[in-house]
Amino acid sequence: GLIITDLEGRELDRLFLRIMPDHPERAQPGAVRVNGFSVELWQQRGFISTSEAVDEIAAFHRKIAGDRNVLFVGYNAWFDISFLDHLFRDQGSSWRALYHYFVLDLPSMAWSLGIKDLAGQEMASKLGIEQETTNPLEHTGITGAESNVGVYRALLRIKDENLSNSQ
């Protein structure tokens, strides 16, 4: 799931893809518990291949950002970008054609604003926003992206409040 926003957190567009892994038999039990993956469920809900996914992600970025690089933002940005890196490398491509060299990790942004409760539930509570679902059948890439946008917007509000209080 991808949501592209402007710098103020206003949504420009979103993309959700359910990708069938090339080797579903290698799925780790821990990952399956988090996202409810099963070949049968993916067949029921519809999926695309890894090569189709790379093409769709690239087309989505071209539609929204043109030739400009986009800053990748995530709650655990390096964890998430590693999946994109693997996906793109397997297809002989690179995520760096779409995203800026730097990535923004939301807990790092929170830390810079004085928030020390960095775990998902604690941070959501501190920010006064709803925590992302933990139901494996509802937890998808797009719910994660929506949650990230919510955290980003809440952090921007805190940053703006801190700036106005210091003036």
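J.: Can you lay out the pairing of strand 4 (residues 99-105) for me, pointing to particular residues and giving the numbers?
T.: One face of the sheet, then the other: side chains in a regular strand alternate in exactly this way. Two strands pair when backbone bridges link them, and strand 3 (residues 70-74) and strand 4 are joined in this way by four bridges, in the parallel orientation. Bridge pairing in strand 4 places Phe72 opposite Val103. The handedness of the strand 3 to strand 4 crossover, carried by helix 4 (residues 77-90), is right-handed.

J.: Kindly report on the packing of helix 3 (residues 50-65) against helix 4, identifying the contributing residues and their values.
T.: Taken N-terminus to C-terminus, the directions of helix 3 and helix 4 make an angle of 110 degrees; their axes are 9 Å apart at the nearest point. By the criterion of interaxial angle, the relationship of helix 3 to helix 4 is roughly perpendicular. On the side of helix 3, the interface is formed by Thr50, Ala53, Val54 and Ile57, while helix 4 contributes Leu84, Leu87 and Phe88. Broken down by class, the residue content of the contact of helix 3 with helix 4 amounts to six nonpolar, one polar and no charged.

J.: Which residues make up the nonpolar core, and what are the values?
T.: What tends to happen in soluble globular proteins is that the nonpolar side chains get buried as a cluster. One finds Ile57, Phe72, Leu84, Leu87, Phe88, Trp95 and Tyr99 to be the most contacted residues of the largest nonpolar core, which totals 21 residues. Taken together, the elements giving at least two residues each to this core come down to strand 1 (2-5), helix 3, strand 3, helix 4 and strand 4. If sequence neighbours within four positions are ignored, Leu87 has contacts with Ile19, Thr50, Ala53, Val54 and Ile57. The next biggest cluster of nonpolar side chains, apart from the first, holds eleven residues, and it includes Met123, Leu127, Val151 and Ala154.

J.: Give a description of the environment of Ile142 that names residues and reports values.
T.: Residue placement: Ile142 occurs in helix 7 (residues 141-165). Residues Ile142 and Val73, 69 residues apart in the sequence, show an inter-C-alpha distance of 14 Å. Excluding residues within four positions of it along the chain, Ile142 makes contact with Gly1, Leu2, Ile3, Arg14, Leu15 and Phe16.

J.: How would you explain the side chain of Thr50 if you had to name every residue and give the values?
T.: Looking at where Thr50 falls in the secondary structure, it is placed in helix 3. A polar side-chain atom of Thr50 sits 3.2 Å from a polar atom in the side chain of Gln91.

J.: Can you lay out the pattern of salt bridges for me, pointing to particular residues and giving the numbers?
T.: For the structure on display, the rule yields seven salt bridges. Residue Arg10 is joined to Glu8 by a salt bridge in which the shortest nitrogen-to-oxygen separation is 3.1 Å. For Glu8, a relative accessible area of 48% corresponds to the partly exposed category. Connected through shared salt-bridge partners, Asp6, Glu8 and Arg10 make up one network.

J.: Please set out the packing of aromatic side chains residue by residue, giving values where relevant.
T.: Taken as a whole, this structure holds five aromatic pairs when the rule is applied. Seen in terms of ring centroids, Phe37 and Trp42 are 4.9 Å apart; in terms of plane orientation they differ by 80 degrees. Their pairing is edge-to-face. Judged by relative accessible area, which is 12%, Phe37 ranks as buried. Judged by its relative accessible area of 10%, Trp42 falls in the buried class. Pairing Tyr101 with Phe102 gives two aromatic rings, centres 5.2 Å apart and planes at 80 degrees, and the pair type is edge-to-face. Overall, the relative accessible area of 55% leaves Tyr101 in the exposed class.

J.: How would you summarise the environment of Ile3 if you had to cite specific residues and measurements?
T.: Inspection of the secondary structure puts Ile3 in strand 1. Assessed through its relative accessible area of 16%, Ile3 is described here as buried. Taking the C-alpha atoms as reference points, Ile3 and Leu98, 95 residues apart in sequence, are found 14 Å from one another. Dropping the residues within four chain positions of it, Ile3 is found in contact with Glu11, Asp13, Arg14, Ile142, Ala145, Glu146 and Val149.

About the cut-offs
- Residues numbered from 1 in each chain as written.
- Predicted model: local features only at pLDDT ≥ 70, side-chain atom pairs only at ≥ 80, totals over all residues.
- Heavy atoms only, no water.
- Pairing = 2+ DSSP bridges.
- Helix = DSSP H or I, 4+ residues; strand = E, 2+ residues; numbered from the N terminus.
- Right-handed = clockwise from strand over helix to strand, strands pointing away.
- Axes fitted to C-alpha atoms, helices over the stretch in contact; angles between N-to-C directions.
- Parallel < 35°, antiparallel > 145°, perpendicular 65-115°, else oblique.
- Contact = heavy atoms within 4.5 Å.
- Nonpolar A, V, L, I, M, F, W, Y, C, P; charged D, E, K, R; others polar.
- Core = buried A, V, L, I, M, F, W, Y, C linked by side-chain atoms within 4.5 Å.
- Buried < 20%, exposed > 50% of the residue type's maximum accessible area, 1.4 Å probe, protein only.
- Polar contact = N/O pair within 3.5 Å; in protein donor to acceptor, adjacent residues only side chain to side chain.
- Salt bridge = Lys/Arg side-chain N within 4 Å of Asp/Glu carboxyl O.
- Phe/Tyr/Trp six-rings, centres within 6.5 Å; stacked < 30°, edge-to-face > 60°.

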